Each structure stands twice: as structure tokens, then as C-alpha cells.
Amino acid sequence: MNGQAEFEIDIFKLIRTLWSKILIIILAAVLVGTAAFGYTYMFMAPTYEATVSLYVNNSSINIGSIRYSVTASELSTSSALVNTYIYILRSRTTLEDVAAKAGVSYGPGALRSMLSISTIENTSAFNVTVTSHSPTEAELIANTIASVLPERIAEIVDGSSVRIVDYAIVPSSRSGPDFITNMLIGFAAGAVLAIALIALKFFIDEQNDAMIHSADELRAMYPDISVLALIPDMRLSEKKGYYYSSYYGDKKGKEA
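Criteria and thresholds
Residues numbered from 1 in each chain as written. Predicted model: local features only at pLDDT ≥ 70, side-chain atom pairs only at ≥ 80, totals over all residues. Heavy atoms only, no water. Helix = DSSP H or I, 4+ residues; strand = E, 2+ residues; numbered from the N terminus. Expected span 1.5 Å × (residues − 1). Buried < 20%, exposed > 50% of the residue type's maximum accessible area, 1.4 Å probe, protein only. Arc of directions from axis to C-beta. Salt bridge = Lys/Arg side-chain N within 4 Å of Asp/Glu carboxyl O. Contact = heavy atoms within 4.5 Å.

### Remarks on helix H2 (residues 22-43)
In a regular helix each residue adds 1.5 Å, so 22 residues correspond to 32 Å; H2 covers 31 Å between its end C-alpha atoms and thus fits that length. Every buried residue of H2 is accounted for by Ile-25, Ala-28, Ala-29, Gly-33 and Thr-40. For H2, the buried positions fall inside an angular range of 120 degrees around the axis, keeping them on one side. In H2, the exposed residues that point more than 90 degrees away from the buried face are Leu-23, Leu-27, Leu-31, Tyr-41, Met-42 and Phe-43.

Here it is, written out as C-alpha cells:
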């Protein structure tokens, strides 16, 4: 025997097997997708978003010992200042001030997780979006940020000027959760799970078929090798009265 028998996978046979089970795959996808939609609808609380738009307006500011002069031709410097202001907004002290003024009980960490800040490309403006399960709370926190942030920045950055472009309004529709996205994820998960189980069964069956089950198969695979001995399957023996026959509960063997 030169080495172990190789186990080969017929990829086209696997594809045919999967295609023959296409109805099972579709059914699994529909069931899991429907379950995901139902869970989203019944158990996930709706969320609402309120956005306030701010504009960084600086002609000359001081940060420490460094002085910045910002003109229309120095937009990159102004964009860098936007990042500085965003950092100040996300700081613990600023968020504590926002929570206190808005009258909410969120800590800095929880409040920070409710914020989504985005810069407007090629401008000195940025948006602050607050996500909450209450539409009025989202609007309140967003406008409180618009009130607190300019004062907070003025305490840190000399010569700063932050203007309000748009105040937040109470959102009229929910922003999440996304029913369609969750349902599609459920469809995909159900299909993948069904395909994985079918493929696993296919591999197991193929491996079993590749195993040697009899002396004749052994001789056919290795004609130059002599079979020295065989181990009989005692459970399939037709002989009666032997110990192994009664051991496996053979009724006649027990009587003998």
C-alpha cells in the first residue's frame, strides 16, 4: 500500500445536489427572513434622528501659542479646526454640560454613543445627529448641543466662532430599525444555513462511499495485496447458540 486513499470531491455533483434541494433552501430562507422581520417589528424599539447643522467661522484664532489665520483659500486649515471642535464636542465635560442643560440622565459614554457627527466635504460645516428612542428627546439633545458647544469652544479656543446653520426639529418618522435590511439578512442567513447543512451531508455521504466496506472492495483497490484475515460482523451472523448471538439479544440464541 503506497499511501492513504484519496477523498475527491466532485464539485459538479455537489452543485447538482444543491440544485435538487433548491426548494428546501428557498423555504429555509423564507422562514428565517420572516422570523427576522417579525423579531424586528415586535421586539426592536423604533429609533428617531434629529440633526443640527453647525458652521465654523473663524478669521483668526489662537490655540495655545499657535495662531491660525483662516481665509477662503485656507479651507484645509478650517477643516482641521472642524475636527478640533468635534473632539471638544465628544469630550466628557462638554457632554456632561449637555446632559445637565437638557435635563436627561445619560452619562457621557451613553450620550456619546447617541451621537453621529459628519463633516460636509469641502466646507467648514458639520452635522451633529442625535439618535434616540424618543423623537422629542432627540430634538432636545441636538438643540442643547447647538446651545452648549459654542460657549464650550469659546472657553478653549480663542477667537472661535461657531454659527448655527439649521436647528434640529422633532423627527416625524422613525429612522430605524430597518425592516427590509434585517429581513434580507435573514433571507441570506437562512439560505446559507440550509446550503451548509446540505453540503455537510453530501461530504459525509461521499466520504462513506469512499470507504472500504468489504474484502472484495479491498482486493479491487489493491490487487497486489493479500487479505490475511477478516473480522466477521457478529450482529449479522446467522449462527445461533453462540455467546455473541445471545449477547445481541437473539431470541433463539437465548433459548439455546
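Read on for the rest.
### A short note on the pattern of salt bridges
By the definition in use, this model includes 2 salt bridges. For Glu-155, the salt bridge is made with Arg-152, and the minimal N-O distance between the two is 3.6 Å. Of the two residues, Glu-155 and Arg-152 are both situated in helix H6 (residues 135-156); the distance of 3 residues between them amounts to about one turn of the helix.

### Points about the side chain of Asn-143
Along the chain, the position of Asn-143 falls in helix H6. Setting aside anything within four residues of it in sequence, one finds Asn-143 in contact with Tyr-167 and Ala-168.

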